[in-house]
Structures are given as structure tokens and as C-alpha cells.
Amino acid sequence: MQHLLGINELDKAQIEQFLSRAQEIAAQLKKGDWDNERLKNKIILHLFFEHSTRTLTSFEIAAKRLGAQVVNWNPETSSLSKGENFIDTIETLTSMKPDAIVMRHADYGAPLTVASKAKCPVINGGDSWREHPTQALLDALTMIDHFGGLGGLNVTIIGDIAHSRVASSNMQLLTKMGANVRVIAPKVLMPESLPFDNIKKFHTLKDGLPNSDVVMTLRLQKERMDRALISSDEAYFNEFGLTLNILDKYAPKAVVMDPGPLVRNVQIADDIAEDPQRSLILKQVANGIPTRMAVLDMLVGA
Ligand code: NCD
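Residues numbered from 1 in each chain as written. Predicted model: local features only at pLDDT ≥ 70, side-chain atom pairs only at ≥ 80, totals over all residues. Heavy atoms only, no water.

A. Structural view of the layout of surface pockets. By volume, the largest pocket amounts to about 360 Å³. Taken together, 21 residues line the largest pocket, and the ones lying closest to its centre are Arg104, Arg165, Arg219, Gly260 and Pro261. By residue class, the composition of the lining of the largest pocket is 4 nonpolar, 9 polar and 8 charged. Of the domains in this structure, domain 1 (7–131 + 287–300) and domain 2 (133–284) are the two that each give at least three residues to the lining of the largest pocket. Taken as a whole, the second largest pocket spans an internal volume of roughly 220 Å³. Contributing to the lining of the second largest pocket are 15 residues, with Tyr108, Trp129, Arg130, Ser168 and Gln172 lying nearest its centre. Here the lining of the second largest pocket is composed, by residue class, of 8 nonpolar, 5 polar and 2 charged. Looking at which domains feed residues into the lining of the second largest pocket, each of domain 1 (7–131 + 287–300) and domain 2 (133–284) supplies at least three. (1 Å grid on protein atoms, 1.4 Å probe; cavity = no way out; pocket = protein on both sides within 12 Å on 5 of 7 lines; lining within 4 Å. Points joined across faces, edges and corners; volume = space filled by probe spheres on them. Nonpolar A, V, L, I, M, F, W, Y, C, P; charged D, E, K, R; others polar. Domains from an automatic or database assignment.)

Dropping the structure here:
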């Protein structure tokens, strides 16, 4: 495998390879005996055209823990602001021959375009509402840590399914790995078609939550809505916001996950976000490091 552009291009065996390498690295990190020179002399170029807290920092730490050097290119201070177009910018940067590119872009499929130009591995750190493969891998690692496996797990994703690349990659990965996936969203935020027919759609928490092992909340992706689709944050929270009360009522055994950004009291209430028993949110963030180390190791270290 040369690039990691999306979960759609991976089969179950390839997903398992990434996950078992991530588990191995997580165990080594715990013991302090990973190979911190594995990517020595490699230069990784970060092309983040969209803002990021977790993904960008986590890729940078992962690269540095493997001994690579990172160049963080910034679109706002680049020649894009002088009128240079995307393709010329990409051709310019790939001519400098980085050993890998990690990128995020608002346009659907932008990493595929870059991969067609680049002579090095391209790793997708999120494009439009299409794919965010390393997020789905780190989410899977977090569920495996907690439950021991993914097969037969009931995972319910609540929120802006239509505009979320996290939902898209997670629905694909979890279904390929044998989990039962459900999505809950208001009608305006539910896509017409889902990646697999056996993913079940619901429009209320009451109908969708029962028997969930994992409940994943998602942010309203307002920047990807062409008009206001939700009357107010408050109205959304009242109908779809996850509170401890709702969770205790409909899915008392479930743990809660959220890829962030965590918009409190819109998608998730303070009481759950801060509950160390119910929330795996910071574990997800921590698992981003071994997951991205595994991806870099397998693609760049090869
Ligand atoms: C997400 C993203 O940017 O795709 N966050 C993340 O990477 N952890 C989700 C979002 O922006 O809502």
C-alpha cells in the first residue's frame, strides 16, 4: 500500500494490519522501548488547509517519536494568498521531495489529486465530508482496548452524519470489521444513502440508543452546510444532545466517544464529557499517537 486516502480502499485484513501495528506500538510506548530512530532522516510535510487541534499535533508527535522531521506548511502565509492555484502549489511542494505528505483539505478528494502528483506516500488527515481514515483507526483502537474486539459491537453515531468525514470513515471501518452500526440524526442531517445497507437510520435518541455499547457524538459541521439547517444550538441540544440522564435511561451500559472538537452543551453535556467512567474521549486522543505512528511506520518506513 502506498497511500492512506480512505477506509473505502482498505479491506478487513489491511485494517487489521494497521490496528495490530498500532497495538504493538502502544504497548511499546507504555514500556518505553519503541524504535525512536525508525524514521530518522525522513522529512514529513504537513499540508493542513483546514484548522486542526488533535490531528495535526498528533501526527507531529507521532512523526517525532519515530525520529522523523516535520515541516508544517501554513496555507495562510503561503503563496496561495498571492493568487497561486492549488495544483501549482502542490507541484511546487512535491518537487522538494518530502518523504511523505500528511494533508487535510476542505475539498472532496483533494488528497487523491495530491497522491496523483506526489512521488511519496500521501496520508489523508481529513477531506471534506468524505474520509478521515486515521480517526476511524484510532476510534477502532479505543473500542478494541475497551471491549477486546469490534465484532458484534453495537455502535451508535449521533449527529451531523451528512457532513461528517468521521462518520463516513467510521461507518465503513466498523461495518467491515463486523460491528453493528446505527446512526441517529435529524432528517436534514441524514444522508440519503449510507456506505452499507445494514447500517440502520434513526431520527430520535429514544429509538436509536437502546442496547448501544458505544455512543459516538459528533459536532454540527456548520462550515459544510450551505444554509442554516438547524434552527439553534439549543434546539439541537434539546433533541439530540447527549446527557447523562438520556444515556442512563436508554443505554445505561454504553461508553461515550467523540472525535472532537468538543462543543459542549450542543452535541454533548458537561456531565458526560467529564465522566471518567463513561467517556473515552481523552483515550481516543491518546490513541491517536500509536495509530499515526503505525500508519507512518507502515507507509514511510517501508
Ligand atoms: C474532526 C475533523 O476535523 O474531521 N476532528 C478530528 O479530526 N478529530 C471532526 C470535526 O471537525 O468535526
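B. Structural context of the sheet that holds strand β9 (residues 255–257). Taken together, 5 strands build an open sheet; the order of strands is β7-β6-β5-β8-β9 and the sheet is parallel. A strand with exactly one partner marks an edge of an open sheet, and here the two such strands are β7 (200–202) and β9. With strand direction ignored, the average angle separating the axes of adjacent strands in the sheet is 25 degrees. In the sheet, strand β5 (residues 154–158) pairs with strand β8 (residues 214–217) via 4 bridges, with the strands oriented parallel. Paired with threonine 156 across the bridge in β8 is valine 215. (Pairing = 2+ DSSP bridges. Helix = DSSP H or I, 4+ residues; strand = E, 2+ residues; numbered from the N terminus. Axes fitted to C-alpha atoms, helices over the stretch in contact; angles between N-to-C directions.)

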